[in-house]
Amino acid sequence: MADPISRQLDSIQSMLVRGQRTLRMERHSLILWGLAGAGLLLSSDVVFTAEQIPDTTRRALVWLAYIAFVLGGAGYADWHLTRRVKAARDETWSFIHRQVVKMLWLLMGIGTLFTFATFFFGGAYMLCTVWLVLIGLALYVHGLFSEEVLEWAGGIIIAIGVAGLAARLPFETMKWIATSVFGLGLPMLSGLLDHGRERPYRNAPRTLDLDLLLYGDQCSDDPQLTLPHPRLHERAFVLAPL
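Residues numbered from 1 in each chain as written. Predicted model: local features only at pLDDT ≥ 70, side-chain atom pairs only at ≥ 80, totals over all residues. Heavy atoms only, no water.

Once that is clear, we can look at the overall build of the chain. Assigned secondary structure in the chain consists of eight helices and two strands. Each helix and strand of the chain, ordered N terminal to C terminal, gives the series α-α-α-α-α-α-α-β-β-α. Taking all 242 residues of the chain together, the buried fraction comes to 35%. The long-range share in the chain, meaning contacts at least 24 apart out of those at least 6 apart in sequence, stands at 71%. (Helix = DSSP H or I, 4+ residues; strand = E, 2+ residues; numbered from the N terminus. Buried < 20%, exposed > 50% of the residue type's maximum accessible area, 1.4 Å probe, protein only. Contact = heavy atoms within 4.5 Å.)

Following this line, the structure appears as structure tokens:
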């Protein structure tokens, strides 16, 4: 059975997070992934075509490497920029954030493998629909832990992909729809995020700033609650009364 201090700490954590979404989507993330997706679609008629690489197996492998390179580059840039903005806001990578990122990469992997499989088993007419559904699903799941607007955007993108397939739209039409969603829709969506929560620099004013410094002799290394406060020794106005 948990001791009284642990139960009280659990109550404090529950109180702090109740009714709040503990994750946030960074604006640059939507811009980077949107441009990466649009770039892949726009370049599909220009690079690594059947005329340039007649052998199907070689072309499939080249496209697999190309997609991995573009998505990997976008992922690295996203990680680097997110780390910088989190440091500026004095935030850490929460457990939920790490799990959602794993889910996002899983969805990207599914889309990449589906694209690779179409070279051998057909189904390329569903390619844009599959990517739209995967991106929409990623936004929807992220929105469950961050902002409601992402849930709505994810649902709409999924509906666009499914509706295009149901209406039997030509592949070229679906490609331009998907390109518009990725290259225009996602960057525009980034402008709807973080209303009232942006902190442009470290220690910028916040709506509510609550620091839990000590709680008896309790120690905690949880990503959402570290006790004692990790920078307690740097706060003279805290140490003096102690």
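For helix α7 (residues 171-190), with 20 residues, the first-to-last C-alpha span of 28 Å sits near the 28 Å given by 1.5 Å per residue. Along α7, the sharpest kink reaches roughly 30 degrees, centred on V181. Every buried residue of α7 is accounted for by M174, K175, A178, T179, V181, F182, G183, L186, L189 and S190. In the core, the buried residues of α7 are packed alongside α2 (27-43), α5 (127-145) and α6 (148-166). (Expected span 1.5 Å × (residues − 1). Bend = angle between axes of the 7 residues up to and from the residue.)

What follows deals with the packing of helix α4 (residues 95-121) against α5. For the pair α4 and α5, the least separation of the axes is 10 Å and the interaxial angle reads 175 degrees. Looking at the two axes, α4 sits roughly antiparallel to α5. On α5, the residues that touch I96, V100, M103, L104, L107, M108, I110, G111, T112, F114, T115 and T118 of α4 are L127, V130, W131, L134, I135, L137, A138, V141, H142 and F145. (Axes fitted to C-alpha atoms, helices over the stretch in contact; angles between N-to-C directions. Parallel < 35°, antiparallel > 145°, perpendicular 65-115°, else oblique.)

Using the criterion set out here, one finds three salt bridges in the structure. Residues E26 and R24 are paired through a salt bridge, measuring 4.0 Å at the closest nitrogen-oxygen approach. A residue is classified by how much of its surface remains accessible, and E26, at 6% relative accessible area, is buried. For R24, a relative accessible area of 10% corresponds to the buried category. A salt bridge links K175 to E172; the shortest N-O distance between them is 3.6 Å. With K175 and E172 both in helix α7, this residue pair falls three residues apart, about one helical turn. Each of D45, E172 and K175 takes part in salt bridges that share partners, so that together they form one network. (Salt bridge = Lys/Arg side-chain N within 4 Å of Asp/Glu carboxyl O.)

Let us now look at the nonpolar core. In this structure, L30, L132, L139, L150, F182, L186 and L189 are the most contacted members of the largest nonpolar core, which totals 34 residues. Of all the secondary-structure elements, those providing two or more residues to this core are α2, α3 (56-88), α4, α5, α6 and α7. Here this core gets eight residues from one element, more than from any other, and that element is α5. Dropping the residues within four chain positions of it, L189 is found in contact with L30, L139, V149, L150 and A153. (Core = buried A, V, L, I, M, F, W, Y, C linked by side-chain atoms within 4.5 Å.)

What follows is about a nonpolar patch on the surface. Taken together, the side chains of Y140, L144 and F145 make up a nonpolar region of the molecular surface, amounting to roughly 260 Å² of accessible area. Tracing the chain through its elements places L144 in helix α5. (Patch = residues over 30% accessible without salt bridge, like charges linked within 9 Å, V, L, I, M, F, W, Y side chains within 5 Å. Areas by Shrake-Rupley, 256 points an atom, 1.4 Å probe, with all protein chains shown as cover.)

The subject of this paragraph is the packing of aromatic side chains. Applying the stated criterion across every chain yields a total of six aromatic pairs. Aromatic side chains W63 and Y66 sit 5.1 Å apart centroid to centroid with 70 degrees between the ring planes, which places their arrangement in the edge-to-face category. Here the residue W63 and the residue Y66 both occupy positions in helix α3, the gap between them amounting to three residues, near one helical turn. Classification of W63 by relative accessible area gives buried; the value is 10%. On the numbers, 5.9 Å between centres and 40 degrees between planes, the contact of Y76 with W79 is tilted. Of the two residues, Y76 and W79 both sit in helix α3, three residues apart, roughly one turn of that helix. Through pairs of rings, three or more aromatic residues link up here, namely F48, W63 and Y66. (Phe/Tyr/Trp six-rings, centres within 6.5 Å; stacked < 30°, edge-to-face > 60°.)

Examined against the element boundaries, T118 turns out to sit in helix α4. Judged by its relative accessible area of 12%, T118 is buried.

Let us look at the environment of W176. Residue position: W176 is located in helix α7. Look at W176 and you get partly exposed, because its relative accessible area is 49%. For the pair formed by W176 and L42, sequence separation is 134 residues and the distance between their alpha carbons is 8.5 Å.

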